[in-house]
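The residues making up each chain are set out below.
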Amino acid sequence: MSNASEKANESPSLFHRQHSIHGGPVTSATIRFPPPTHATIASHQHNDRATEYQRLKSQGRVVLSKGGWVESHPLCPSSNHDSAVYKSLAFGNSCNRDNVAFGAVSGMLFPSSAASLSYLNKAPTAGDPNGDLDVNDERCCKRVSSRISVVAYGSRRLSFLSGGGLWSNSDKHDISERDEFSLIPIIATSTYTNNDSNDYLEVCDWVHDVSLLNLNWKCYVDNQSKAEEATSNAFLLALGMVNNNCEIWGFRTTTTTTAMHDPGQKDQSALMATRLQCISCDVRCMTYSLSFHGWHEENHVQNNAEFPCLIIASGTVFGEIIVWGAVDESYNGHTLEKAIDRWLSGQISQDTTISRLCVPPSFRLEGHHGSVFSVKFGSSGEIASTSDDRTVRLWTLTPLLADNYDCKSTRKILQSQSTHSYKLIWTGWGHTARVWDVSFASLSTSTSSSLGNSTLLISSGEDGVARVWSPFVTEKELRRPFIGHRCESVWTVDVCEGIVVTGANDGSVKLFDLESSLANDGAKSYIVPLIERAPTNTSAHTTPGAQDHATTTMKKKRKKTKIKSQMIGMQFYSSSADRARKLLVAARDGSLFSLNLETEIWHTHSDWSREVTSYASGEIVEIDPSSGSCVAVHPSGGRVVLGTSEGLLVSSDIHISGDENLMSPRNSTFNMTRHGQVQSVRWHGNDLLVVFYSRGTIICYMFEDVPKLMHLMKLDTVGIIPLSSAHDNRMQDFYVGDSRGNIAYFSLSNLLAVPCVLGNNDMLNERNPCSIATKVHAREHVTAIVVSKSIGGVVSVGNDGYVTQCRLDDSGKLHKVFSIPVAGVTGLRNIWLNGNMKTDGNSFIVGGYYGNDFVIIDIEDGYQFFRLPTGGRQRRSDVNFDTALSNCYAMAVCTGHNSIEIHSVVSSKINGIQFWPSIGCTLHGETINKLCWVEHGGSSQVRYLLSGSNDCTVKLTKFDNDQIVSVKELPSHESCVRAVCASGHPGSNCSLLVACGGKLSLEFYLLAHMPCEFNDFIDVSFLCSYRTLVSSSIDPRMNAVKAIPLLQRKASHLVVAADSDGNMHLIIISEEAMPRRTTIGRIIQGNNRPILSLDVMECLGGKILAFVGDTAGDINVWDLSLYCNDCIGNEGGSAASIVFTVKAHSSGVNDLSVAALTQTESQEVILCSVGDDQHLSIHSFVLTKNKFDRAIELSQTRSIVSEYSSTSPSKAVKVVNENSMPFCFIFTSGPDQCVRLWCLELTTFIVTHISESSIETEGICIDCTRMVSSTKQVQVAIGGEGIELQSINYSTFEAAQQLYDTDYLLITAGAGFSADSGLSTYECAPMAIFGDLKAFETDCVKSMDLVRNISARVESGMQMANRDLEKNGRIGIKGLHNPNLANNRDSELQTMK
């Protein structure tokens, strides 16, 4: 076979991309707002501008790039009239294989939208000499650049997109109509480029940055009207190159005619690109970053005005920043103006030689000690830079420029090196790894005034956070870093209208409100207005000698004394009377206070310990206020219940003292003193009060006018204290978490249904738990529990830092499903159900401690809402988090006997608008090592993908119609996850999930698919784990794992794992719950070569074969049948043996895959493997039954090697075969970012390269689904840094196969198509017969494109006419075979498949 690179051709690929890449690095992210033309006001009234500001801000869109995709998301889906999400490939689908590795988008420019809403603060003017237009100026609409949504650039490519909801389509009036992205065709008029497609412009070097300048140019030609029309459709684009070059390109609109290719198509607009000038800096070096300053897409230039200059700052690999001028009238301004005149006059053609200039550097800034990864210009010419040395630096031009300056004055200063220079004025240390990006931030007047209108910088780096700096205020960070990504590298950061936007390696974009965080970052201190009572003076009658002795004793001890707080407790609540958010404080002197968080005013309520009436007797009871132990506020905010150490409960109405309009407050008490002191009280709903006692008793009261006993529950173990509870009102289940890490389950459905009047306690019997899940949180406190309807159980958190799921089985026994640790938190205290449901399953937000800091974090994507130092975990505190609003939270901490600190964000909207702070599903933060599809019995449109990564995580991703619906994270491994697999019995709704990795560990989970009426529900539970104590000279790890169902034993699976010592581990796992959490297996000694790949299959007669590939390029075939037959029900088993060895590669076997062909008396097994030698090796084995003893014999029959099947070492292979197919599909992928399709003819055993497709990931692993019989599609998942989905349609392959086998090609279109569908008929459609071989070869691609185009039009016409495609509008393709030409085909024609 020939080299794969030689086979690359321009034929249409059989692969079909499915939306954008899932996960993977986000290389660019920002927020765009409507342009000035969308503003609806022109007045200067403050109220109108504030309203318009909120309206325009809510219409903003988050635009990001991942790989070669551009995505546009609404900033506020609830308030944005266009809440759709738009995605598109930035450089189209016609990427050549020669350039497949250069398809990623590194940056974007947005001509049709605004980066901020600062134009609302400008007074309307008739004209602006600097080019700023009035919001009502129609020139904005006439600019051709305003019809461009995105200018995307990456590697050597440049493309233009319209649509995407970015206000580029001025003809779109229906807001309900989707505004999809569409590529604007580009026509290059220079031989400088070698474009194979008009979807993008390809230049000579990598592009770092682009800058756009609109032209309002008048050139003198014969027809003045034509000149004016041409100038209104032109703009300049400056490209900053990696070799410290700058190219100036001119773009103007033109019309491309496609009627010659398709009569049904209308003419469409295109951009004609012409290179005008090339400017190079004298310092020739490789740059890692580059930034422009001077041109703005909002401005325009006229030929009778000063030409704006363009300045470049480039960061080199040597830690140097070079500042130089790309455009300036002193040396190239007039030259560029002349080039523009010639270009617009049509005097520049393909043969015209462009001007080339060399420019000396104006400044060379030295200070960094590593490569400069980012340089950005500020509004006053200052430069911010980041580097490999983990620093952020700020350079200013001395003397500092004024805020309002023109580019000409800037150019003069840059040339005056004797009087002006850039100086390093600040260095920011704080990042713990390399710093990737930096952005300047501008704040509103109210926020910036508190910081002295200083410059703010936001930086992001490899430590996974975004840090805030104010260089002119402090050398340290201005606030705690923004944390929201569960990965190391945060590649990009931007600040738009006070919102920080970060994009990272986990494939998600996070939003943080900078202004609110700065305004509320510091905690406020309050003094509770307690009434100071004179303490009892026990030393009044002490003799002086005794007093001196006591003083001496205290001096000797010198121990830190713990200040006893005068507060019983505190709790946030909302008052139903005035709907205000308040904080209630109960004191040990009997007083009650509430603080209004909005007005910051204290209110005093009536004493809770005075005039207390007993509910049972009606008598006045004397209460000792110093015995108070806990407090709970009713959900309505009108009542509070306090518990005491004497076992009493006091109910008190919350009224403000001195309010004569309210009734006199009531204080009432009831008690169950025989159960000990009251540990805690809490409300479940409006009527049920749950009381925890220190002796392990839980009592539920129905609280109406008079409290009544409902349930009395008792924990079995002595000394265990109940701490948390959850009530499932629907199922009447009650769960209690205790101080020893246990969760007890009580069924309330069989208890007393009629409440018991206080005093008749004998009617209630103590109920013991129906079931107890022991050591759910080790022996740590279970601090909070919530009921999750989606999992059919409860979710709890504890001081061990884990989130644990527990569920009731069919017998009513509560058992632990699995636990997941929360990164960045050592002890958890709170858990909330996420009110903003982004997935079909429950999402949880937890609160806990990291050291002495309290953190609120979303466990699904790692977004950190809140972080506050508390001074210690033992301090009394309360936290409130509104999950419905997701950004309304508060925490109060007691810092003294009568002082508290409150950190609160009381607004229901961030910065005036409501948005969810996370965009995109968070997948793995590092490279995915292995993935596999999980078969289930549900809908064919719903699929589950299991993946494991270097970040030690295992995730189960649900896809519905190729879109991610949810991501479920399984418990993390101690080391990186090297392999995953799944196994299921035919017809079963359960699947075994296996993950393995470092330290020879395997984890087993059971996925149960439970289809319901509205949704497919899955349940994942932990089965057991596998560990081995075998010592090794190096750090051992499991490299591969495979599981198959044991058909002779119900609900059992054979799991085979291979390690780095050359051994195989055989374990038999049952789907039934095991009494122990670990399992054992058998270790089969190998040849001491590390095993890299593995596959297992059950063949003819129940024979189980394992195919094992090692680092020497050998594939050993093991027979495991005897072992499996003997160890069914036993711990032992017979020894396995090697029955065959194949030398498949000259180096390591990176991956292998097997497929069995079903036959009666014999069976053929196809083995495919790939390795570092770039070969695809295929071998065939035949299993036959011996005629005498019916034993199964294995023999190798055929083999073939496709040499150099890829341009890099192949990493993954998958073979697919269906019983009805006379061939096998073979998929391969590797680091060359390409997935290839091969066809193995089973009769001739010839492998042929069929098609290939570029991918946006490294192709480390690959897996395919079974072919769907209805659609004949095979879904392909490729993993690396993210997951990409592509599909193959078997029907398309059959059509291509028939096309290849023909000698004559007859194409007809329009047969039977009627005109009543709304489209023109195809009576003039082309009809062609190709009888010549060369004509067939050259015109086949065009014909197929024509067929595809006509087919799409006929299909749309059928949808409009509501007719069946089989009856009307059939496309006919007929191949006529000529035997005389069959033997004359050459190898080039074979690639036409």
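It should be emphasised that the depicted structure is a prediction, and the values quoted were computed from it without experimental measurement.

**Re the pattern of salt bridges**
Any two side chains of opposite charge can pair, on the condition that their charged atoms come close. Overall, the coordinates contain 31 salt bridges when judged by the stated rule. Across the pair Arg 55 and Glu 52 runs a salt bridge, and its minimum N-O distance is 2.7 Å. Here the residue Arg 55 and the residue Glu 52 both occupy positions in helix α2 (residues 46-58), the gap between them amounting to three residues, near one helical turn. Take Arg 55: its relative accessible area is 32%, and that puts it in the partly exposed class. Note that Lys 66 and Glu 71 form a salt bridge whose closest N and O atoms lie 3.9 Å from each other. When sorted by exposure, Lys 66 lands in the same class as Glu 71, which is buried. Counted as one network, the salt bridges with shared partners bring together Arg 1089, Asp 1110, Asp 1114 and Lys 1143.

**Notes on the state of the cysteines**
Counted under the stated rule, the structure contains zero disulfides. Cysteine Cys 976 is unpaired, with the sulfur of Cys 952 as its nearest cysteine sulfur at 6.4 Å. Using a relative accessible area of 18% as the deciding quantity, one classes Cys 976 as buried. Cysteine Cys 996 shares no disulfide, and the gap to the nearest cysteine sulfur, in Cys 981, comes to 7.5 Å.

**Focus on the environment of Ser 1205**
Its place among the elements puts Ser 1205 in the loop between β85 (1192-1202) and β86 (1212-1216). You can call Ser 1205 buried: its relative accessible area is 1%. Each C-alpha atom, one on Ser 1205 and one on Gln 1174, is 5.8 Å from the other, the two residues being 31 residues apart in sequence.

**Comments concerning the packing of aromatic side chains**
Within a pair of aromatic rings, the relevant descriptors are the distance that separates the centres and the angle that separates the planes. Taken as a whole and assessed by the stated rule, the structure comprises 28 aromatic pairs. Plain terms: the ring middles of Phe 160 and Phe 251 are 5.0 Å apart, the flat faces sit at 65° to each other, and that makes the pair edge-to-face. Taken together, the residues span a long stretch of sequence, with Phe 160 in strand β8 (residues 157-162) and Phe 251 in strand β14 (residues 245-256) at a distance of 91 residues. For the pair formed by Phe 160 and Phe 251, the shared burial category is buried. With 5.8 Å between their ring centres and 15° between their planes, Tyr 288 and Phe 373 make a pair best called stacked. Placement of Tyr 288 in strand β16 (residues 287-293) and of Phe 373 in strand β22 (residues 372-377) is noted, with a sequence separation of 85 residues between them. Judged by relative accessible area, Tyr 288 falls into the partly exposed class, the value being 42%. Three or more aromatic residues link up through ring pairs in this structure, and these residues are Phe 482, Phe 512, Trp 832, Tyr 863, Phe 865, Phe 866, Phe 881 and Tyr 889. The ring of Tyr 200 has Arg 157 lying over it, and the distance from NZ or CZ to the ring centre is 4.5 Å.

**A short note on the confidence of the model for the chain**
Residues of the chain with pLDDT of at least 70 account for 73%, and the chain-wide mean is 77. A low-confidence stretch, residues 223-227 (pLDDT under 50), is modelled with two contacts involving residues beyond four sequence positions or located in other chains. Note on residues 1128-1133: pLDDT under 50 across the span, and 13 contacts to partners over four residues away in sequence or across chains.

**A word on the pairing of strand β75 (residues 1064-1070)**
The buried count for β75 comes to seven of seven residues, which makes it a mostly enclosed element. Side chains Met 1064, Leu 1066, Ile 1068 and Ser 1070 project from β75 onto one buried face, and the interleaved His 1065, Ile 1067 and Ile 1069 project onto a second face that is buried too. Bridge count for strand β74 (residues 1052-1059) against β75 is seven bridges, and the pairing is antiparallel. Paired with Val 1055 across the two strands is Ile 1067, which belongs to β75. Linking two consecutive strands that pair antiparallel, namely β74 and β75, is a turn of four residues; a positive phi of about 85° is found at Gly 1062 within it.

**A look at the nonpolar core**
Across soluble globular proteins, nonpolar side chains show a tendency to be buried alongside one another. Counting residues in hydrophobic clusters, the biggest one holds 30 residues, and the most contacted among them are Leu 236, Trp 295, Phe 307, Trp 324 and Ile 340. When contributions to this core are tallied by element, the ones reaching two or more residues are β12 (207-216), β13 (234-241), β14, β15 (268-281), β16, β18 (310-316), β19 (320-327) and α5 (333-344). Per-element tally for this core: the top contributor is α5, with five residues. Contacts of Leu 236, omitting those with residues within four sequence positions, involve Ser 211, Leu 212, Leu 213, Leu 215, Trp 249, Gly 250, Leu 276, Trp 295, Phe 307, Ile 340 and Trp 343. Leu 514, Leu 518, Tyr 849 and Phe 866 belong to the second-largest nonpolar core, a separate cluster that totals 28 residues.

**Remarks on the environment of Gly 484**
Tracing the backbone shows Gly 484 in the loop between β29 (482-483) and β30 (490-496). For Gly 484, a relative accessible area of 1% corresponds to the buried category. C-alpha of Gly 484 to C-alpha of Gly 862: the two residues are 378 residues apart in sequence and 5.4 Å apart in space. Apart from residues no more than four positions distant in its own chain, Gly 484 is found in contact with Lys 510, Phe 512, Asp 861, Gly 862, Tyr 863 and Gln 864.

**So, unusual backbone geometry**
Most peptide bonds are trans, and most residues other than glycine sit at a negative phi. Although it is not a glycine, Ser 155 adopts a positive phi angle of roughly 50°. Inspection of the secondary structure assignment puts Ser 155 in the loop between β7 (150-154) and β8. The exposure class of Ser 155 is buried, given its relative accessible area of 3%. One non-glycine residue, Leu 1000, lies in the positive phi region at around 55°. By the secondary structure assignment, Leu 1000 is in the loop between β70 (990-997) and β71 (1002-1011).

The rules we used
- Residues numbered from 1 in each chain as written.
- Predicted model: local features only at pLDDT ≥ 70, side-chain atom pairs only at ≥ 80, totals over all residues.
- Heavy atoms only, no water.
- Salt bridge = Lys/Arg side-chain N within 4 Å of Asp/Glu carboxyl O.
- Helix = DSSP H or I, 4+ residues; strand = E, 2+ residues; numbered from the N terminus.
- Buried < 20%, exposed > 50% of the residue type's maximum accessible area, 1.4 Å probe, protein only.
- Disulfide = S-S within 2.5 Å.
- Phe/Tyr/Trp six-rings, centres within 6.5 Å; stacked < 30°, edge-to-face > 60°.
- Lys NZ or Arg CZ within 6 Å of the ring centre and 35° of its normal.
- pLDDT = per-residue confidence, 0-100.
- Contact = heavy atoms within 4.5 Å.
- Pairing = 2+ DSSP bridges.
- Core = buried A, V, L, I, M, F, W, Y, C linked by side-chain atoms within 4.5 Å.

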